[in-house]
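If you want the building blocks of each chain, they are given just below.
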Amino acid sequence: MKLVDEARARGVDATIDQYPYTASSTSIGAALLPQWAQEGGHAATVARLKDPAMREKIKAAIAGLILNERGGGDPANIVVSLCTWDASLAGKNLAQLTVARGQQPTPENAAETTMWIVEQGNCGGVFHAMAEADLERIIRHPATMIASDGTVPVFGEGAPHPRSYGTFVRVLAVYVRDKKILTLEDAVRRMSSYPAARLGLTDRGVLKPGMKADIAVFDPATVKDMATFEKPHQYAAGFPYVIVNGQIIYENGAMTAARPGKVLYGPGAVR
């Protein structure tokens, strides 16, 4: 935060995007293997893991990352989200998988489990290693906007990060209504006009004549994110209508047949 503030004070156009969860998500390999071990792609990584000396070096680095970074000090904080080669692993944490392989769930043994996962083809993961106090401190910052780099998951498949279902709704329900950290108006601005302007989308983000009519109608008193880490495949509640490009795409609890959406390109796009 200090780096951002100092940069902005110098006139640098630095902003922040954040989602309202204390866990991150990416692949197990990308998060827990050192970058140098990933150079050259999956085949090169597996080749390094077959070299005994290199494997020990990678193992030590993974154990350090479990202790001090994405693992938050405990292999149980790392949960498999989706595994194409073994769907049964989704929802299990690295400590459980290590025990299932006949080892104590220490960071070093969990590093062995991590390398095994990568050798099999890798899996997606959710990493519980952030603090709520930091989340709240960052969301208050005037340069912060709300965003999510979550995927559009297949409903019911795997155990994805709940950000894919609840990011924006969670801000409205928890950080506006329940904790009163943001005002409703400011939260909406951080989700609409602020990011639209930041991305150079000049015809969206505010409600006024001549702009594209992208509108989410919600009840501030009842809006709620239903998705949890344990049960992520749950749609948000409290939205009777969603309108895209002036057409209703969601009403009465169901999608309509309208498909007016399109890919939006910012000014930096190469097409």
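Scope of this entry: the structure provided in the associated data block.

Reading guide: rules and limits
Residues numbered from 1 in each chain as written. Predicted model: local features only at pLDDT ≥ 70, side-chain atom pairs only at ≥ 80, totals over all residues. Heavy atoms only, no water. Pairing = 2+ DSSP bridges. Helix = DSSP H or I, 4+ residues; strand = E, 2+ residues; numbered from the N terminus. Buried < 20%, exposed > 50% of the residue type's maximum accessible area, 1.4 Å probe, protein only. Arc of directions from axis to C-beta. Contact = heavy atoms within 4.5 Å. Disulfide = S-S within 2.5 Å. Phe/Tyr/Trp six-rings, centres within 6.5 Å; stacked < 30°, edge-to-face > 60°. Lys NZ or Arg CZ within 6 Å of the ring centre and 35° of its normal. Axes fitted to C-alpha atoms, helices over the stretch in contact; angles between N-to-C directions. Parallel < 35°, antiparallel > 145°, perpendicular 65-115°, else oblique. Left-handed = near helix turned anticlockwise from the far one by under 90°. Nonpolar A, V, L, I, M, F, W, Y, C, P; charged D, E, K, R; others polar. Patch = residues over 30% accessible without salt bridge, like charges linked within 9 Å, V, L, I, M, F, W, Y side chains within 5 Å. Areas by Shrake-Rupley, 256 points an atom, 1.4 Å probe, with all protein chains shown as cover. Salt bridge = Lys/Arg side-chain N within 4 Å of Asp/Glu carboxyl O. Core = buried A, V, L, I, M, F, W, Y, C linked by side-chain atoms within 4.5 Å.

### Here we look at the sheet that holds strand 9 (residues 254–255)
So, step 1. Overall, antiparallel pairing links the 4 strands, which are arranged 6-7-8-9 in an open sheet. Unpaired on one side and paired on the other, strand 6 (215–217) and strand 9 mark the two borders of the sheet.
So, step 2. Bridging between strand 7 (residues 241–244) and strand 8 (residues 247–251) involves 4 bridges; their strand directions are antiparallel. Note that in strand 8 the partner of V244 across the bridge is Q247.

### Side note on helix 8 (residues 132–140)
So, step 1. Looking only at helix 8, the buried set comprises L135, E136 and I139. Summarising the axial view, the buried residues of helix 8 lie within an arc of 95°, below the 170-degree limit, and thus occupy one face.
So, step 2. For helix 8, the secondary structure elements touched by its buried residues are strand 1 (16–18), strand 5 (144–146), helix 9 (163–178) and helix 10 (184–191).

### A word on the state of the cysteines
So, step 1. For the structure on display, the rule yields 1 disulfide.
So, step 2. Paired by a disulfide, C83 and C123 hold their sulfur atoms 1.8 Å apart. Of this pair, C83 sits in the loop between strand 3 (78–82) and helix 6 (94–100) while C123 sits in the loop between helix 7 (107–120) and strand 4 (124–127), and the two are 40 residues apart along the sequence.
So, step 3. The class for C123 is buried, based on a relative accessible area of 4%.

### Some remarks on the packing of aromatic side chains
So, step 1. Taken as a whole and assessed by the stated rule, the structure comprises 7 aromatic pairs.
So, step 2. When the centroid spacing of 6.1 Å and the interplanar angle of 80° are considered together, the rings of Y21 and F229 count as edge-to-face. Here F229 lies in the loop between strand 6 and strand 7 and Y21 lies in the loop between strand 1 and strand 2 (24–27), a separation of 208 residues in the sequence.
So, step 3. With a centroid separation of 5.0 Å and an interplanar angle of 25°, the aromatic rings of F155 and Y235 are classed as stacked. You can see F155 sitting in the loop between strand 5 and helix 9 and its partner Y235 sitting in the loop between strand 6 and strand 7, a full 80 residues away along the chain.
So, step 4. With relative accessibility at 56%, the residue Y235 sits in the exposed group.
So, step 5. Members of the aromatic cluster, connected to one another through ring pairs, are Y19, Y21 and F229.
So, step 6. The cationic tip of K57 hangs over the ring face of W36; the distance from NZ or CZ to the ring centre is 4.9 Å.
So, step 7. Taking the ring centre of F127 as reference, the NZ or CZ of R70 above it sits at 5.5 Å.

### A short note on the packing of helix 4 (residues 42–50) against helix 7
So, step 1. Contact geometry of helix 4 with helix 7 gives a least axis separation of 10 Å together with a crossing angle of 135°. Classified by the angle their axes make, helix 4 and helix 7 are oblique. Pair helix 4 / helix 7 crosses with left-handed handedness. Taking contact as the criterion, the partners of H42, T45, V46 and L49 in helix 4 are, on helix 7, M115, V118 and E119.
So, step 2. Looking at the contact of helix 4 with helix 7 residue by residue, the classes come out as 4 nonpolar, 2 polar and 1 charged.

### Overview of a nonpolar patch on the surface
So, step 1. On the surface, a nonpolar cluster with roughly 220 Å² of combined accessible area is contributed by V217, Y241 and I248.
So, step 2. Here V217 is to be found in strand 6.

### Notes on the environment of R8
So, step 1. Turning to its location among the elements, R8 is positioned in helix 1 (residues 2–9).
So, step 2. For R8, a relative accessible area of 34% puts it in the partly exposed group.
So, step 3. Spatially, the C-alpha atom of R8 lies 9.2 Å from that of A143, the residues being 135 residues apart in sequence.
So, step 4. Setting aside its immediate chain neighbours within four residues, R8 contacts A14, T15, H141 and A143.

### Considerations on the nonpolar core
So, step 1. Residues L32 and I62 are the most contacted members of the largest nonpolar core, which totals 23 residues.
So, step 2. Every element with two or more residues in this core is listed here: helix 2 (28–32), helix 5 (52–68), strand 3, helix 6 and helix 7.
So, step 3. Of the residues forming this core, the biggest block, 5 residues, is contributed by helix 7.
So, step 4. When neighbours within four sequence positions are excluded, L32 is seen to be in contact with I62, L65, I66, R70, I78, L94, T114 and F127.

### So, the sheet that holds strand 4
In sheet architecture, strand pairing relies on hydrogen bonds along the backbone and comes in two forms, parallel and antiparallel.
So, step 1. Strand order in the open sheet formed by 3 strands is 2-4-3, and the pairing between neighbours is antiparallel. One side of each edge strand has no neighbouring strand; the edge strands of this open sheet are strand 2 and strand 3. In this sheet, adjacent strand axes meet at a mean angle of 30° when their direction is disregarded.
So, step 2. Pairing of strand 2 with strand 4 involves 4 bridges; the strand directions are antiparallel. Bridging across to strand 4, S24 finds its partner in F127.

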